[in-house]
Each structure stands twice: as C-alpha cells, then as structure tokens.
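# Fold and contact review
Given next are the chains, with one letter for each unit.
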Amino acid sequence: MNSKRSKKRIKTGIFIVVLVAVIGLLNIFLIAEAKKIARNRLIKHVGLVTDGLYSLDFGNLDINLQNASVDLKDITLNLNQKRLNELYRVDSLPKFYGYLKIDKISLEGVAFIYRKKPENRKLLCRRIDIIRPQITVIDNAQGIKSKHPKDTVVKVPNKTPYEMIAPYFELLSVSKIRMEEGVLHFYSENKQDTTRIILHNIHFQADEFRIDSLSDKNLHCLYSQDFQLAVDSTAIHFPNHLYTLRSGKIEVDLNDSLLQINDVSYVSKIPKWEFAYRDPKHSDWMDLRIGTIELKGLHIQKWMTEKRLFLDSLFVSSVHFRNYKNQKIITPPKKVPMIYETVQHFPVPFSINYVKASDLNVFYEELAKKGAKPGLIKFTKMEGIFDGFTNIVSSPKQVNKLTATGRLMNRGLIQAELSFPVDPTNDQARITGTLGPMNMISFNSIIEPMAPPLRIKSGFIEGLDFDIVGGKEKADIDMCLYYNHLSVDIGLLSLIADGLIERDNPKPGKELRRVHAEHIRDPYHSSFNYLWKIYFAGIKETLGYTEKRQKNIEWAIKEYHTLKKK
C-alpha cells in the first residue's frame, strides 16, 4: 500500500516538474515571440505613423509576463534625412520635427483591453519610468520652404494627442508617470537666424494621467490629477546672438496651481556703450535681472477651453532693470509703443486678480547727441501693487491701477498711483503722487548731461505733488514743487541765470506757486524717456527755467564764444 502511494507521489512530482518545465519553456517561447513581435511592430508602426519620417531603434527589450512589465533600453528615434529632404522639396515640412534618445523606459502593470473596434480598446498601465531622455525639437513655425509650385504641396498634418491614439485605442491611462534627468534642446528656425532654448535636468511626475481619443468633443484631451515639474536651469539664445535669457530652478505643481521661476536674467553679450553700434537695428541696450517670479492659482482648464490665462496672483521680487539710450546713433525712425500699449496688445488674453512687485529698481541712462557722458535717473526700492491686472476689455473706461512707493535717485520717497487704459481705443493714462524731502543736487546726474550747461549748486526739496494726465502723444502736467535755497551754475552766465531762476517756492511772504505745463512726446523714444521728460518739464517751469529763457541763455553763450574767437 505504501509502495503504491510512493509511486503515485513520484508520478505526481514528475508531472508537476514536467508541467513547470513546459510552462517555463512556453513562457520563454512566448516572451521570445512577444519580444520579436513587439520589436517588429514597434519599429514598423513608427515608420507607418510618421510616413517614413522617423525610424525607431532600441537595445535590450525585457518582458515579464508574470508582472506585466516591459523594460526598453537605449531607445533612439532618428530622423530620416532623405524623407525630410523630400518633404522640403514639396513644401511639406511638419511644424515640429526632431530627435529623441532615452537611456531606459520601464512599464509596470501593463494591460491591454482588446476589442474589435479601436474606439472600444483601452491601454492601461500602473507605472511608467523614463530615465535620462534627450530631446531635440525643431520648430518650423516660420515656414522655411523651397521654391516648389504650391499646387503640388501635400501637407503632413499636425495631429493632436487624441488624434494620434484614436486609430489604436480609445483610452490611454497611466496611474503614475515619472521622468528623471531630462534635457531638451528646442530650435525655432527662420530665414535670418535661429532661437535656441535649452532646459537642463528636467524632472516631472504625473499621477492618474489620461489621454482620451474622444475628448475632441468634450474638450478634455489631456488630464492629470497631479502634475509636478522641476527644471534646474534654462537658457534661451536669441537671434543675432545679442541677448541670452536664463533662469535658475523652475518648479511647476499643478496640484497647488503653482509656478515658480528663480534667478531670471535677460543679459546682452555686448557692453552698453557698444550695443547701439553693433546691433543691426541700433536698438537701446537693456539688462534685466529678477530674483523670483511666482504664479499662484493657474487655471489650466480655462486655458485649455478658452485659450485665456487666468491667475489668482503674481509675485515678482528683486528686480533690477537697466536701460541705456545712445542719442549719438542716427537710427531709422521707429515708433516705440508705450508700456500700456504692449500690455493691451499682449498676444495672450490674461487676467490676474492680484499682482505685487517688490524691491523693483529701474536705472535709465541716456547719452545726448552732444553729450560726453550719459545722464542717469533711477528709481530704487520700489514696490508696486495691482489689485486686478488684465488686457481683457469689459468696459470702454476700464483701467489697470497701480499703487507704487519707492525712492527717486535713491533719496526722496515717492508715493504714486498710476491708472492706464485696458481698451486700446482709450488713450488716457494718469499719474498722481508725491515726492518727499531730498537734496536737489541729486538731480545733477541727469540734468548736467541732458540739459547742459545747467548744474545745480545748492537747493533742497521740501515736497512735491503732481497730477499728470496724458497718452502716447502728449501729457498735461499739474505740479507743485516746494523748495528753497536753489542756486544754479551755467558757466560764465551763472550770475544771470541765478537772477532768472526762482530761488525759493514759496518766496518769502508769498503764496506757494503751482504750475501747469505740457510736454509733447517724442514717439521714437521709450516710456522711461517720456516719463523723465514729463517731470523735467514741470520742474523747469517751476524753477522759471522756461523754454524761452533756456533759449536766451543758449543764445548768450553762443554769442560769448563767437566774440571770444574774434
């Protein structure tokens, strides 16, 4: 009896061993066949889907049927140069094309729900890891084209994500996607030059990611429950190689609707005193550095559905902006828009509930046509707040209102309120405010180079209030400057000038003088130039240094030098 039981156990054991061996061999065979089919189909389908423009290649392909996992290593998506040349000859270059190299892609928990009709199929995955992708994208938005006749053009369509998956399945769903150590090179080509963008060390994670091929109807083409992105550094090299825009760490967290950008700089490679000579358009030199930009409450869904940018708040801190104009360079006439016009015509409609800029510093320098050194006016330690900022027009008289405080010439305290129109058909802006006590000698850094031979020897501002109303053509100025003990130097004519200029306001025993002046804008100069000239026009009127008296002094100086030569 025991002998029979032993034989039965042995047979059962042998059967189990054989069964395991068969299953193992079958598993090996199935995996081998799956690898072969996957490799062939992947390579074939990439060629078919891209109309021969791309070819796919990869190294090891590991498939584990038990864990439903797939690992691919050394993946490359190469551009077929011959096919690209063919498309170029018939003016059919796609809007975007490029290259891709990835060290490794791992997929876990893969499930494919197969149905006869593609619209009922689903591809599900528990996790996807993408390690060290290197992406190169070329933007042909400018349309670099051949001279081939237009009637032979066959355009390659630019498909949306859901249009790309529709022929194969209805839904692509991934519980978690993670990417590490990515690098992106982006080139925007045109006939003159190329803009180059580089993003280093990109990390991102998306949870409950989904692409639905039917979403074209319900306007939810892409979805992610949580999305986080971090980029260590970026660099944008602009055409003509005059400027480079850089940033430090960039972080995006859609779960908290947060975007933060650190250490932004827009820097010229050419020194400011050489820039206008070497720039083909002889533009003004500028230098911009920003410590932090933080956007909160980013409404992604509104952007997807309405193509409008809505933000709860925008915070900008530690801003240093420098602008240098060289009047010695004769430039072709080119009108410069006002800053509020740039906002009005910004390419993206936007609305921000609250904007705050802190530690804002502006330095404007201008070298006069006959000047030896540039004049400088500076606003430092400024803080500005918009309680609502938009370019979306809701009423004809709608305005963006900015409340600002700071220092003029790093001395006098400025408190101002600026209102400028949202509607482009409305061209009336207004600035009201006050300036606190400061020594008038501080203005020599702008007066001496820009209004020679005038120089302030002494004088003290007790206070200033102003009300300026105007637009892109002219400004009306209402100003009251309270000052005393003013003395100026105009070279050999200083005694005459001192007699012409009012030394005090108010004069002893007199009432405080308030002046009204007008300044016509030079449309070929910047908004900073316009703002400085507006204030200077009001101050000159208050001091009695009117246009008529200034011309008389200039005539006297000219006559003196003429007689001296004789």
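Scroll up for the structure.
### Considerations on the overall build of the chain
Helix and strand content of the chain: eleven helices and 25 strands. For the chain, with 566 residues in total, the buried portion stands at 40%. Pairs at least 24 apart in sequence give 63% of the contacts found in the chain among residues at least 6 apart. Summed over all atoms, the accessible surface of the chain reaches about 32,700 Å², with 57% contributed by carbon and sulfur.

### Notes on the packing of aromatic side chains
Under the counting rule described, the total for this entry stands at 14 aromatic pairs. Relative to F186, the ring of F96 lies with its centre 6.4 Å away and its plane at 50°, an arrangement referred to as tilted. Of the two residues, F96 is situated in strand 4 (residues 96–108) and F186 in strand 7 (residues 171–189); the sequence distance between them amounts to 90 residues. Grouping aromatic residues by their ring pairs yields a cluster made of Y340, F346, F350, F386, F389 and F420. Directly above the ring of F363 sits R322, whose terminal nitrogen or CZ lies 4.3 Å from the centroid. Lying over the aromatic face of Y530, R521 brings its terminal NZ or CZ to 5.6 Å of the ring centre.

### With respect to the environment of I113
Along the chain, the position of I113 falls in strand 5 (residues 111–113). Put simply, I113 and L124 are eleven residues apart on the chain and 8.0 Å apart in space, counted from C-alpha to C-alpha.

### Quick look at the pairing of strand 4
The pairing of strand 3 (residues 69–79) with strand 4 spans seven bridges and is antiparallel. What sits directly across from D71, in strand 4, is S106. Bridge count between strand 4 and strand 6 (residues 122–139): twelve bridges; the pairing is antiparallel. Each bridged residue has a counterpart across the sheet, and for I105 the counterpart in strand 6 is I130.

### Considering helix 2 (residues 81–89)
One turn of an α-helix holds 3.6 residues; hence residues three or four places apart share an orientation. Listed in full, the buried residues belonging to helix 2 are R83, L84 and L87. One face of helix 2 carries all of its buried residues, which in axial projection span an arc of 100°. Considering only its buried residues, helix 2 is in contact with strand 3 and strand 4. Its side-chain oxygen 3.1 Å from the backbone nitrogen of K82, N80 forms the N-cap of helix 2. Just past helix 2, the residue D91 takes up positive phi, approximately 55°.

### Topic: the nonpolar core
Counting residues in hydrophobic clusters, the biggest one holds 101 residues, and the most contacted among them are L408 and F443. Among the elements that take part in this core, helix 10 (residues 527–543) stands out by supplying eight residues, more than any other. Ranked by size, the runner-up nonpolar core spans seven residues in total, among them Y243, I270, F275 and Y324.

### Thoughts on unusual backbone geometry
Most of the time, phi is negative for any residue but glycine, and the peptide bond is trans. In the segment running from N505 into P506, the intervening peptide bond is cis, with an omega of 10°. Even without being glycine, D359 reaches a positive phi, approximately 55°. Note that D359 resides in strand 16 (residues 350–367).

### Notes on the side chain of Q327
If you trace the backbone, Q327 turns up in the loop between strand 15 (309–326) and helix 7 (339–344). Taking relative accessible area as the criterion, Q327 reaches 13% and is therefore assigned buried. Of note is the side chain of Q327, whose polar atom sits 2.8 Å from the side chain of E366. In contact with Q327, other than residues within four places in its own chain, are E366, L367, A368, K369 and H525.

### A closer look at the pattern of salt bridges
Scanning all chains against the criterion turns up 21 salt bridges. R126 is the partner of E108 in a salt bridge, and the nearest nitrogen-oxygen pair spans 4.0 Å. With E108 in strand 4 and R126 in strand 6, this residue pair connects regions lying 18 residues apart in the sequence. For R126, a relative accessible area of 47% translates into the label partly exposed. E274 is paired through a salt bridge with R278; the nearest N and O atoms lie 3.1 Å apart. One end of the pair, E274, and the other, R278, are both in helix 5 (residues 272–278), four residues apart, so they sit about a helical turn from each other. The exposure class of E274 is partly exposed, given its relative accessible area of 29%. Three or more residues joined by partner-sharing salt bridges are found here, namely R127, D129, R178 and E180.

### Notes on the pairing of strand 11 (residues 243–247)
As judged from the four bridges shared by strand 10 (residues 226–237) and strand 11, these two strands associate in the antiparallel manner. The residue bridging H237 from the neighbouring strand is T244, located in strand 11. A loop of five residues connects strand 10 with strand 11, the two strands running antiparallel in sequence, and N240 in this loop sits at a positive phi of about 70°. Sheet analysis places strand 11 next to strand 13 (residues 258–268), joined by four bridges and oriented antiparallel. Bridge pairing in strand 13 links R246 to S265.

### Topic: helix 10
Over its 17 residues, helix 10 runs 24 Å from end to end, which matches the ideal 24 Å to within 8%, given 1.5 Å per residue. Within helix 10, 13 of the 17 residues are buried, which leaves it mostly tucked inside the rest of the structure. One or two steps after helix 10, the chain reaches G544, where phi turns positive at roughly 85°.

### Quick word on the side chain of N505
Take N505: it is sitting in the loop between helix 9 (494–500) and strand 25 (515–520). At 2.6 Å, the side chain of N505 and the backbone oxygen of L481 are in polar contact. Apart from residues no more than four positions distant in its own chain, N505 is found in contact with L481, Y482, Y483, E511, L512, R513 and T542.

### Quick word on the environment of N505
Since its relative accessible area comes to 0%, N505 is described here as buried. Sequence separation of N505 and L486 is 19 residues, and the distance between their C-alpha atoms is 9.4 Å.

About the criteria used
Residues numbered from 1 in each chain as written. Predicted model: local features only at pLDDT ≥ 70, side-chain atom pairs only at ≥ 80, totals over all residues. Heavy atoms only, no water. Helix = DSSP H or I, 4+ residues; strand = E, 2+ residues; numbered from the N terminus. Buried < 20%, exposed > 50% of the residue type's maximum accessible area, 1.4 Å probe, protein only. Contact = heavy atoms within 4.5 Å. Areas by Shrake-Rupley, 256 points an atom, 1.4 Å probe, with all protein chains shown as cover. Phe/Tyr/Trp six-rings, centres within 6.5 Å; stacked < 30°, edge-to-face > 60°. Lys NZ or Arg CZ within 6 Å of the ring centre and 35° of its normal. Pairing = 2+ DSSP bridges. Arc of directions from axis to C-beta. Polar contact = N/O pair within 3.5 Å; in protein donor to acceptor, adjacent residues only side chain to side chain. Core = buried A, V, L, I, M, F, W, Y, C linked by side-chain atoms within 4.5 Å. Salt bridge = Lys/Arg side-chain N within 4 Å of Asp/Glu carboxyl O. Expected span 1.5 Å × (residues − 1).

So far we have only geometry, and geometry alone does not tell us how the molecule works.
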